[in-house]
Amino acid sequence: MNHTDKKQEILDAFNFRHATKEFDPAKKISDEDFQFILETGRLSPSSVGYEPWKFLVVENKDLKEKLKAVSWGAQGQIPTASHFVIILSRTDARYDSEYVLNLQKNVKEMPDDVLETLMPRYKDFQENDFHLFESKRALFDWASKQSYIALANMMTSAAQIGIDSCPIEGFNYDQVHEILKEEGLLEDGKFDISVMVAFGYRIHEPKRGKTRRSMDQVVQWVK
């Protein structure tokens, strides 16, 4: 495939993707294809490489029913999607937290002398550049921003292999938080709910094609 064809293939995937409100419950995504989607999420970039996310693939029917009751934006998706995912974000993504230090040392295999050099820089970035220590919510919201990168990549990769998706923010945050807390899925407060996303195969075609503002309305060249 040449360069032009590859670009068109990617644009076709973006035009194919739409916020699917109802899926075909009889059609399931193969294990191989869904692992591919999850892998594109896992490989996604994040600010200073902290990977502050976790993907909950919800298969438990009782849990789905509890979530459906408090998620007004997922009434059609939860019962029909092949796979329903809750993306959690970390609440402890501080430069000096146990999680971050373990990530740097044991996942990224960063030498101690390099880590000692970078720690003040990461502290300054979080504390002074982005004011992330002003509240717990500020740090969590910053981590949530990163999770949306993974969300977008998973939806795009799904579209490229003909799989539909729908990102979902239509839920009561406090009630979903309590449900997940009671289920022991927030790891004693180390995680919280960021966003939901459903995957599957559309049962209806969208009523109209992709609508977006024109390029000159969304892009400004600063010379």
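Refer to the structure presented above.
Residues numbered from 1 in each chain as written. Predicted model: local features only at pLDDT ≥ 70, side-chain atom pairs only at ≥ 80, totals over all residues. Heavy atoms only, no water.

*Asks:* How would you sum up the overall build of the protein chain? Please name residues and give values.
*Replies:* Within the protein chain one finds nine helices and four strands. Going residue by residue from the N terminus, the α and β elements of the protein chain occur as α-α-β-α-α-β-α-α-α-β-α-β-α. Dimensions of the protein chain, computed from the C-alpha atoms along their principal axes, are close to 55 × 50 × 35 Å. Looking at the protein chain residue by residue over its 223 residues, the buried ones come to 42%. Long-range contacts, defined as pairs at least 24 residues apart, comprise 81% of the intrachain contacts of the protein chain with a sequence gap of at least 6. Working note: accessible area of the protein chain is about 13,400 Å², and carbon and sulfur atoms make up 50% of it. (Helix = DSSP H or I, 4+ residues; strand = E, 2+ residues; numbered from the N terminus. Buried < 20%, exposed > 50% of the residue type's maximum accessible area, 1.4 Å probe, protein only. Contact = heavy atoms within 4.5 Å. Areas by Shrake-Rupley, 256 points an atom, 1.4 Å probe, with all protein chains shown as cover.)

*Asks:* Can you tell me about the sheet that holds strand S3 (residues 164-168), naming the residues and giving the values?
*Replies:* Ordered by their spatial adjacency, four strands build an open sheet running S1-S2-S4-S3, and the pairing between neighbours is antiparallel. Both edges of this open sheet fall to strand S1 (53-58) and S3, since each of them pairs with a single strand only. Here the strands of the sheet are splayed against their neighbours by 25° on average, with no regard to which way each runs. Two elements, S3 and strand S4 (residues 191-200), share five bridges in a ladder whose sense is antiparallel. Following the sheet pairing, Ser-165 is matched in S4 by Phe-199. Sheet strands touched by helix H2 (residues 31-42): S1, strand S2 (83-90) and S4. Its angle to S1, the strand with the most contacts, is close to 160°. (Pairing = 2+ DSSP bridges. Axes fitted to C-alpha atoms, helices over the stretch in contact; angles between N-to-C directions.)

*Asks:* Hey, could you go over the side chain of Arg-17 for me, with residue numbers and the actual values?
*Replies:* Along the chain, the position of Arg-17 falls in the loop between helix H1 (3-16) and H2. No salt bridge forms around the buried Arg-17; measuring N to O, its nearest opposite-charge neighbour Asp-164 is 7.7 Å away. If sequence neighbours within four positions are ignored, Arg-17 has contacts with Met-155, Ala-159, Ser-165, Pro-167, Lys-210 and Arg-212. (Lys, Arg positive; Asp, Glu negative; His and termini not counted. Salt bridge = Lys/Arg side-chain N within 4 Å of Asp/Glu carboxyl O.)

*Asks:* I'd love a proper account of the packing of aromatic side chains, names of residues and values included.
*Replies:* Enumeration over the complete set of coordinates arrives at seven aromatic pairs. An angle of 50° between the planes, with centres 5.0 Å apart, marks the rings of Phe-125 and Phe-130 as tilted. Residues Phe-125 and Trp-142 carry aromatic rings whose centres are separated by 6.2 Å and whose planes lie at 65° to one another, so their mutual orientation is edge-to-face. One end of the pair, Phe-125, is in helix H6 (residues 112-129); the other, Trp-142, is in helix H7 (residues 136-160), with 17 residues separating them in the sequence. (Phe/Tyr/Trp six-rings, centres within 6.5 Å; stacked < 30°, edge-to-face > 60°.)

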